[in-house]
Amino acid sequence: MISFVLMIGIIVLAIGIAHESENAIYIGLTIALISGIILICISIDYPFHIDEKIELYETENKVIEDKIKETVRVYMEYEQETYKSLLENADLTTILVAYPDLNSNELVKSEIETYKENNNKLKELKERKIGKSTLDWWIYFGK
């Protein structure tokens, strides 16, 4: 749409120059400048390569999911072995002191935070992808 208006402005400008008509030159120049500025403003925020960005974050989240699953699996095995030995050889106070150390895993917490951030970014990118079709229409009657 904006590209079409820009072309009309340029055509009117060319006709005005060819016929030496000041009004046509002024109108064509005004239309071309305004539509050009709008086109540039839309292009600045246009979501280029949005599908590739979405794919990147989805792939990264899949890797993080696999890491967390494996870490939790290994951690659960470790806890089972530790608790077996604690229950056989220790009293209740020792178990209560050891349990918080086993439960706090900074790596898993960090991975989960990264996963949450990626999901938020994915939502933002998908929202921009939805709006992309509107921008496409305004720029060149596209879908």
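Please read all numbers here as calculations on a predicted model, not as lab measurements.

## Here we look at the pattern of salt bridges
- One pass over the structure, following the stated rule, counts five salt bridges.
- Here Asp51 makes a salt bridge to Lys129, at a shortest N to O gap of 2.6 Å. Of this pair, Asp51 sits in helix H3 (residues 50–89) while Lys129 sits in helix H5 (residues 106–140), placing them 78 residues apart in sequence.

## Looking at the nonpolar core
- Among the nonpolar cores identified, the biggest contains five residues, and these are Ile2, Leu39, Ile42, Tyr46 and Ile139.
- Not counting the four nearest positions on each side in its chain, Leu39 is found in contact with Ile2, Ser3, Leu6 and Ile139.

## Side note on the confidence of the model for the protein
- Residues at a pLDDT of 70 or more form 79% of the protein, whose mean pLDDT is 78.
- Per-residue pLDDT, averaged within each element of the protein, yields its smallest value for helix H4 (residues 92–103) (51) and its largest for helix H2 (residues 22–44) (87).

## Observations regarding the packing of helix H1 (residues 2–18) against H2
- Contact geometry of H1 with H2 gives a least axis separation of 7 Å together with a crossing angle of 155°. As far as their axial angle goes, H2 and H1 are roughly antiparallel. The two elements H1 and H2 cross, and the hand of that crossing is left-handed. Contacts between H1 and H2 involve Ile2, Ser3, Val5, Leu6, Gly9, Ile10, Val12, Leu13, Gly16 and Ile17 on the former and, on the latter, Ala24, Ile25, Ile27, Gly28, Leu29, Ile31, Ala32, Ser35, Gly36, Ile38, Leu39 and Ile42.
- Counted by class, the contact of H1 with H2 contains 16 nonpolar, six polar and no charged residues.

## Describing unusual backbone geometry
- Here Glu20, not a glycine, exhibits a phi torsion of approximately 55°, which is positive.
- Relative to the helices and strands, Glu20 is located in the loop between H1 and H2.
- Classification of Glu20 by relative accessible area gives exposed; the value is 70%.

## Some thoughts on the environment of His49
- Counting through the fold element by element, His49 comes out in the loop between H2 and H3.
- Along the primary structure His49 and Lys129 are separated by 80 residues, whereas in three dimensions their C-alpha atoms are 9.8 Å apart.

## With respect to a nonpolar patch on the surface
- A surface patch of nonpolar side chains, about 850 Å² in accessible area, is lined by Phe4, Val5, Met7, Ile8, Ile11, Ile15, Trp137, Trp138 and Phe141.
- Of all the elements in the fold, those that place two or more residues in the nonpolar patch are H1 and H5.
- Top contributing element to the nonpolar patch by residue count: H1, with six residues.
- Mapped onto the elements of the fold, Ile11 is located in helix H1.

Cut-off values and rules
- The residue numbering used here restarts from 1 in each chain and proceeds along that chain's sequence as written.
- Note on the predicted model: pLDDT of at least 70 is required for a residue's local features to be given, and 80 or more for side-chain atom pairs to be given and counted; whole-chain, interface and lining totals, by contrast, use all residues.
- Hydrogen atoms and water are omitted, and side-chain values are computed over all heavy atoms in the structure.
- Within this document, salt bridges are pairs made up of a side-chain nitrogen of Lys or Arg and a carboxyl oxygen of Asp or Glu, the two lying within 4 Å of each other.
- Secondary structure counts use DSSP, requiring at least four H or I residues in a row for a helix and at least two E residues in a row for a strand, with both numbered from the N terminus.
- For our purposes a nonpolar core is just a set of buried Ala, Val, Leu, Ile, Met, Phe, Trp, Tyr and Cys residues, chained together by side-chain atoms within 4.5 Å.
- Burial status follows relative accessibility: with a 1.4 Å probe on protein chains alone, a residue under 20% of its type maximum counts as buried, one over 50% as exposed, and anything between as partly exposed.
- Residue contacts are counted whenever heavy atoms from the two residues lie within 4.5 Å of one another.
- pLDDT expresses, on a scale from 0 to 100, how confident the predictor is about each individual residue.
- For helices, the fitted line uses only the C-alpha atoms of the stretch in contact; every axis is such a line through C-alpha atoms, and the angle between N-to-C directions lies from 0 to 180 degrees.
- Any angle that falls under 35 degrees is termed roughly parallel, while one over 145 is termed roughly antiparallel, one within 65 to 115 roughly perpendicular, and all others oblique.
- If you view the pair so one helix is near and one far, a crossing is left-handed when the near helix is turned anticlockwise from the far one by less than a right angle, and right-handed when it is turned clockwise.
- Each residue is assigned to one class: nonpolar for Ala, Val, Leu, Ile, Met, Phe, Trp, Tyr, Cys and Pro, charged for Asp, Glu, Lys and Arg, and polar for all the others, Gly among them.
- Like charges are joined within 9 Å and nonpolar side chains (Val, Leu, Ile, Met, Phe, Trp, Tyr) within 5 Å, but only among residues with over 30% relative accessible area and no salt bridge; these make up the patches.
- To be clear on the numbers: accessible area is Shrake-Rupley with a 1.4 Å probe, and residue cover counts the displayed protein chains and nothing else.

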